[in-house]
Structures are given as structure tokens and as C-alpha cells.
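Next come the chains, spelled out residue by residue.
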Amino acid sequence: MSKSISIAVVGSGYVGLVAAVCFAEMGHAVVCVDNDERKVTALQGGETPIHEYHLPELLGRYRNNQVRFITDLAEATRECDAIFIAVGTPQSETGDADLSYVEAVACEIARSLTSYKVIVEKSTVPVYTNEWISRALERNGVDRNLFDVVSNPEFLREGTAVVDFLHPDRIVVGSDSDRAGLLLKEIYSPLTSGEYYQRENCISGSCSVAEPPPLLMTSTKSAEIIKHASNAFLAMKISFINAVSNLCEATNANVEQVARGIGLDTRIGPKFLRPGIGYGGSCFPKDVAAFRSVAEQLGIDFSLLTEVEKINQQQKRLFIAKVRSALWNLRGKRLAVLGLAFKGDTDDIRESPAVEIVRLLINEGCSIAAFDPAAMERTQQILPAGKNMRYAADSYDAMSDADALLILTDWIEFAELDLKRANKALRYSIIVDGRNLYDPATMSEHGFTYVSVGRPIAHPVRNLTSSVIG
Ligand code: UGA
């Protein structure tokens, strides 16, 4: 039976909140600390601030008992054995990560640290952050024997965060101290021993009693680099397939076939080879820039990452060019947009390529009717409704009398549209799909001109029967 450990999680953003409830689900006693009083009150009162599967269920189960939400970091520091720092590390103007929140937390911990604690970096941070945290604690008068700092990067994805946390591909613990390493091993033992997956009401996923997740122990610096290198590699995979998709378009080849052909090589793997309008979100754009900046500061030429970013930017411009070539002129066109979130299953619009494309199209003189199942409220805050921007009630309302339909986010419901209804709603039967959600042949049978990414344009089949288009 695994031991219950007393854990503090600092920060109640995506990573912090998910980590807090998942540690509770694993049997630990958790205090989640945030200096935003309104947020803490809302969490105490039962609000779920982010759109994430299983989160309402776990919050309902553990809120105000096994997970307490508080604002007092000193209290949390005194009570807990391990303090996970999960505060934001936003991108600074120079591209590198702004670590001022991490520093502020370290200094605050220092003020109330009186017995041995393990301080855990959970936020995505550049290599050497570990040393800076230690230095900050020592500068604030803390005895070096009273703490260890370890790195335990998080690999969860938005939308599947809870399942990713409880069923990880791997758990990475970077520790230069045996004592701290041991505590982290204990914290994760409900997962690594398989005990959690034996529970009747456990959240199901890819791990099991027979196949629990592996725990990789590394040095702290290696763990810090593993996080940045993982995100940079995944971003590179996406930019690579996007560049290949452009090559496919130029040659009339089909990128889906090419991606399958290369992904079947087990050394390459099939995942993260979906071409589209470029990666977005709060992680890849920021982490690629931060990793590049770290390399630069160390005098290492990692210009490969500059190319990754360049291709990613270009992908949005190429999408606009596709819309233009389908519609001739953009000025004055009414466009239906499905999707504003940076990917499906989330309400997050940070660095969303969809929102950027909408902005570019409005600048080109188009008027937009947009629908997203979860991200409209957030988008309205930065792109208010107005003459050229309407928020629709549903997908078909967005399409009503539009000159074309643009698909910008990979929500499942956008892949399951009633195509007859869509055809009736649209003024012209034109779809430009930035996420390749449909089979081109099916779209031509349904009477659409269908433009997607890295695949030949599909044109409507002539002599349409009324049974097809209704
Ligand atoms: C990403 C990583 O996948 C996580 O492992 C990591 O923990 C997280 O960043 C983080 O550092 O916190 P996330 O940003 O939630 O997770 O989203 P992803 O599912 O990775 O997608 C990122 C972007 O890439 C999205 O815009 C998505 O549409 C795009 N993408 C993804 C593609 O264009 N093609 C693909 O094949 C896959």
C-alpha cells in the first residue's frame, strides 16, 4: 500500500490544478496555493475554471477535503513534505522564458522554510533553473541542508490532461539527491506499482497493473532539457509534415498517404504527423522559442528551431492563400468559421492559429460568422462581436448564407457535420478545411469544392442526384 504524502502545489493553472486533483486521486493530501484570491474563492466554491474531461468529477470528489485551495504559501510550506512549483513561465520579449514568478515563489518559500522540504519544478523551465532556485533559497538565508530542488516535468496535453497525468508514457524525475529522489518515487508509486489501476473506480487509460508507467531517474539538468527537447521535437514533427504537405500540394500527391507511409516506420511513428494550419497553444510556440534562446545563450547553433517556427508561421499564410484562390477576392466575402480554440477539446485560445487566421481575414475585408463549442467566450474578450465578427449559435447558423466554410479546429463535431444541411445553408458549396477532417471523394460526391491541406482539391461531382444534395 502506497504511503500518503503531504503535497503543496503552487499555481492553479492547467498544470497545477490538474496535478493537485490527480495527486489527491492517487491518495495524497494536497494543498493548492494561488495568490489570486478570486480564483481560490471560485475553486473553493465549486467552479471549474478550465474545460477539461474528468476535472469536474475529480474536483467534486476532492475539493475542500483532500485538496484544499488556499492563498497562503507560508502555511502550505510548513505543512507539506514536497512543494511543486507549477506557476506560469510566459514568453518574454526576447523569446526566453520569464522566470520571475518562479523566483517569487522560491523567495516566499524561503521565508517560511524551517524543516526539510523537497521543492519540485513542475513548470516548464529552461536548464539551470534548478540551480537558480537553490541559489534564491540560500540567498534568502535558508540552510542548504533544509531543502533539495528536483525537476519533474509534466507532459500532459490540454483536453486530455487528467488521463495524461494518470496514464503517462513516462514519469521523469531529475534529482541530484537520493533523499529527494526517494520522496518523488514514493509520490508516484501508486502509478508505478500499478496499485492505482487496480482500483475499481480508477480513471481508465493506457496504463494498467500489467503495464504501469516507467519512472526515469535523471540528473536535474537532463530532466529540464527532456521537457524542452520533447516539445521542440514534437513541434518539429508538425512543421516537418506541414512542409511535406506543401510539397504534396505542388505535386498533386496526398499527404495523408505520405504520412501513413512514413509513420509506419516504427523509428518515426504515426503520431504528430497531422498537417494543418500550424501548431499553437500555450506550450509549443513558447517552448520552441525558449529552447532556441537557451541554445543561443550557450553559443550553440540550433537554427533548426528557427526553421520550425518559420514553417509554422508560413502555414497560416498559405491557408489564407487557399481561401483567396477558392474565392477569388477576399474583400466583402462572408465566411463561416468553425473552430477558434488552438485545437479540439479545449476552450484555450492562446496562440491559436484559428484566431490569428480570423484576424488576418478580417484585415483583408472579410466578415466572419464563427462557431466553437467551448472557446467563444474567451475569443469574444479579445475579438469582440462587431460589424465583421459574429458569434454564431451553432455550426449551421455560422454557415447561413456564407460564401464558404472554413474549418480551423479539429473538434469531433466538425468532422460529423450534416453535409446536406451544410450544403443548403452555404451560399456557395465551398469548404476550405485546415484540419483535413473529411475525405475529399465524399465531399465531391456531396457537391462541394473541397480544399484541404496537402491533398488534391476535390471538385463537385457533376449531375448530382437530388438524393445527394437534398
Ligand atoms: C503539448 C504537448 O503535447 C504536451 O506533451 C505538453 O505537456 C504540453 O504541450 C505542455 O508543454 O504543457 P498541448 O499544447 O496541450 O500539449 O497540445 P498538443 O496536443 O500537443 O497540440 C499542440 C498544437 O499542435 C495544436 O495546435 C495542435 O492542433 C497541433 N498539432 C498537433 C498539429 O498541428 N498536428 C499534429 O499532428 C499534432
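Just so it is clear, the model here is predicted, and its values are computed rather than measured.

**Points about the site of the ligand**
Moving on, step 1. L156, E158, K227, N231 and R435 are the nearest of the 19 residues found near the ligand.
Moving on, step 2. Note that an oxygen atom of the ligand is positioned 2.8 Å from one of the side-chain N or O atoms of R435.
Moving on, step 3. When the free accessible area of the ligand is taken as 720 Å², the share hidden by the protein chains comes to 94%.
Moving on, step 4. A per-element tally of the shell around the ligand places helix α10 (residues 220–251) first, with three residues.
Moving on, step 5. The residue inventory of the shell around the ligand, partitioned by class, reads nine nonpolar, two polar and eight charged.
Moving on, step 6. Counting contributing residues, the shell around the ligand receives three or more from each of domain 1 (6–218) and domain 2 (227–470).

**Examining the domain arrangement of the chain**
Moving on, step 1. Each domain of the chain was delimited in the assignment, giving domain 1 (6–218) and domain 2 (227–470).
Moving on, step 2. Averaged C-alpha coordinates put domain 1 and domain 2 at centres separated by 34 Å.
Moving on, step 3. If you look at the interface, domain 1 gives 23 residues, while domain 2 gives 23 residues.
Moving on, step 4. With both chains or domains summed, domain 1 and domain 2 bury close to 1,700 Å², and 53% of this area falls on carbon and sulfur atoms.
Moving on, step 5. In this structure, the connection of domain 1 to domain 2 is made through one salt bridge.
Moving on, step 6. Two residues, E158 and R350, come together in a salt bridge whose shortest N-O distance is 3.5 Å.

**Looking at the pairing of strand β7 (residues 171–174)**
Moving on, step 1. Burial along β7 is two-sided: I171 and V173 facing one way and V172 and G174 facing the other are all buried.
Moving on, step 2. Bridge analysis of β7 against strand β8 (residues 215–218) gives four bridges, and the strand direction is parallel. Following the sheet pairing, V173 is matched in β8 by M217.

**Looking at the packing of aromatic side chains**
Centre-to-centre distance and the angle between the planes together describe a pair of aromatic rings.
Moving on, step 1. If you walk through the whole model with that rule in mind, you get eight aromatic pairs.
Moving on, step 2. Members of the aromatic cluster, connected to one another through ring pairs, are F23, F84, F165 and Y188.

**A word on the packing of helix α5 (residues 100–112) against helix α6 (residues 129–139)**
Moving on, step 1. Following both chains from N to C, one finds α5 and α6 inclined at 35°, their axes separated by 8 Å at the closest point. Along this stretch, α5 crosses α6, giving a crossing that reads as right-handed. Contacts between α5 and α6 involve V102, A106, I109 and A110 from the first element and T129, I133, A136 and L137 from the second.
Moving on, step 2. Residues belonging to the contact of α5 with α6 are distributed by class as follows: seven nonpolar, one polar and no charged.

**Observations concerning the pairing of strand β13 (residues 430–433)**
Moving on, step 1. Side-chain alternation along β13 places I430 and V432 on one buried face and I431 and D433 on a second face that is also buried.
Moving on, step 2. In terms of handedness, the path from strand β12 (residues 404–407) via helix α17 (residues 419–425) over to β13 forms a crossover that is right-handed.
Moving on, step 3. As paired elements, β13 and strand β14 (residues 449–451) share three bridges and run parallel to each other. What sits directly across from I431, in β14, is Y450.
Moving on, step 4. Note that the unit made of β13, helix α18 (residues 440–445) and β14 has a crossover that is right-handed.

**Comments concerning the environment of L59**
Moving on, step 1. Along the chain, L59 falls in helix α3 (residues 55–62).
Moving on, step 2. On the basis of relative accessible area, L59 is assigned to the buried category, the value being 0%.
Moving on, step 3. Along the chain, L59 and V18 lie 41 residues apart, while their C-alpha atoms are 9.4 Å from each other.
Moving on, step 4. Other than its neighbours up to four places away in sequence, L59 contacts L17, V21, E47, T48 and F69.

**Observations concerning the sheet that holds strand β10 (residues 367–371)**
Moving on, step 1. Strand order in the open sheet formed by six strands is β11-β10-β9-β12-β13-β14, with parallel pairing between adjacent strands. Strands with a single pairing partner mark the edges of an open sheet, and in this sheet they are β11 (389–391) and β14. Within this sheet the neighbouring strands show an average axis-to-axis angle of 20°, counted without direction.
Moving on, step 2. With five bridges connecting them, strand β9 (residues 334–338) and β10 associate as parallel partners. Note that in β10 the partner of L338 across the bridge is F371.
Moving on, step 3. Contacting β9, β12, β13 and β14, helix α13 (residues 304–327) runs over the sheet at an angle of about 170° to β13.
Moving on, step 4. Its contacts with the sheet place helix α14 (residues 353–363) against β9, β10, β11 and β12, and it is angled at close to 160° to β10.

**Side note on unusual backbone geometry**
Moving on, step 1. Positive phi is not limited to glycine here, since D345 has a value of about 65°.
Moving on, step 2. Within the fold, D345 resides in the loop between β9 and α14.
Moving on, step 3. Judged by its relative accessible area of 24%, D345 falls in the partly exposed class.

**Concerning the pattern of salt bridges**
Moving on, step 1. The full count for this structure, using the stated rule, is 24 salt bridges.
Moving on, step 2. Across the pair E57 and R61 runs a salt bridge, and its minimum N-O distance is 3.3 Å. Taken together, the residues span about one helical turn, with E57 and R61 both in helix α3 at a distance of four residues.
Moving on, step 3. We classify R61 as partly exposed; its relative accessible area is 31%.
Moving on, step 4. One salt bridge in this structure joins K316 and E356, with 3.1 Å as the shortest N-O distance. Pair noted here: K316 is in helix α13 and E356 is in helix α14, with a separation of 40 residues, a long-range link.
Moving on, step 5. Exposure remark for K316: the relative accessible area of 4% places this residue in the buried category.
Moving on, step 6. Among the charged side chains, a salt-bridge network with shared partners connects E25, E57, R61 and R199.

**Some remarks on the packing of α10 against helix α11 (residues 255–263)**
Moving on, step 1. At a minimum axis distance of 9 Å, the contact between α10 and α11 shows a crossing angle of 135°. Relative to α11, the element α10 is oriented oblique. For the pair α10 and α11, the crossing hand works out as right-handed. Here α10 contributes I241, V244, S245 and C248 to the contact with α11, which in turn contributes V255, V258, A259 and I262.
Moving on, step 2. Classifying every residue of the contact of α10 with α11 gives seven nonpolar, one polar and no charged.

Reading the values: the criteria
- Residues numbered from 1 in each chain as written.
- Predicted model: local features only at pLDDT ≥ 70, side-chain atom pairs only at ≥ 80, totals over all residues.
- Heavy atoms only, no water.
- Near = heavy atom within 4 Å.
- Polar contact = N/O pair within 3.5 Å; in protein donor to acceptor, adjacent residues only side chain to side chain.
- Areas by Shrake-Rupley, 256 points an atom, 1.4 Å probe, with all protein chains shown as cover.
- Helix = DSSP H or I, 4+ residues; strand = E, 2+ residues; numbered from the N terminus.
- Nonpolar A, V, L, I, M, F, W, Y, C, P; charged D, E, K, R; others polar.
- Domains from an automatic or database assignment.
- Contact = heavy atoms within 4.5 Å.
- Buried area = accessible area lost by both parts, 1.4 Å probe.
- Salt bridge = Lys/Arg side-chain N within 4 Å of Asp/Glu carboxyl O.
- Buried < 20%, exposed > 50% of the residue type's maximum accessible area, 1.4 Å probe, protein only.
- Pairing = 2+ DSSP bridges.
- Phe/Tyr/Trp six-rings, centres within 6.5 Å; stacked < 30°, edge-to-face > 60°.
- Axes fitted to C-alpha atoms, helices over the stretch in contact; angles between N-to-C directions.
- Left-handed = near helix turned anticlockwise from the far one by under 90°.
- Right-handed = clockwise from strand over helix to strand, strands pointing away.
- Parallel < 35°, antiparallel > 145°, perpendicular 65-115°, else oblique.

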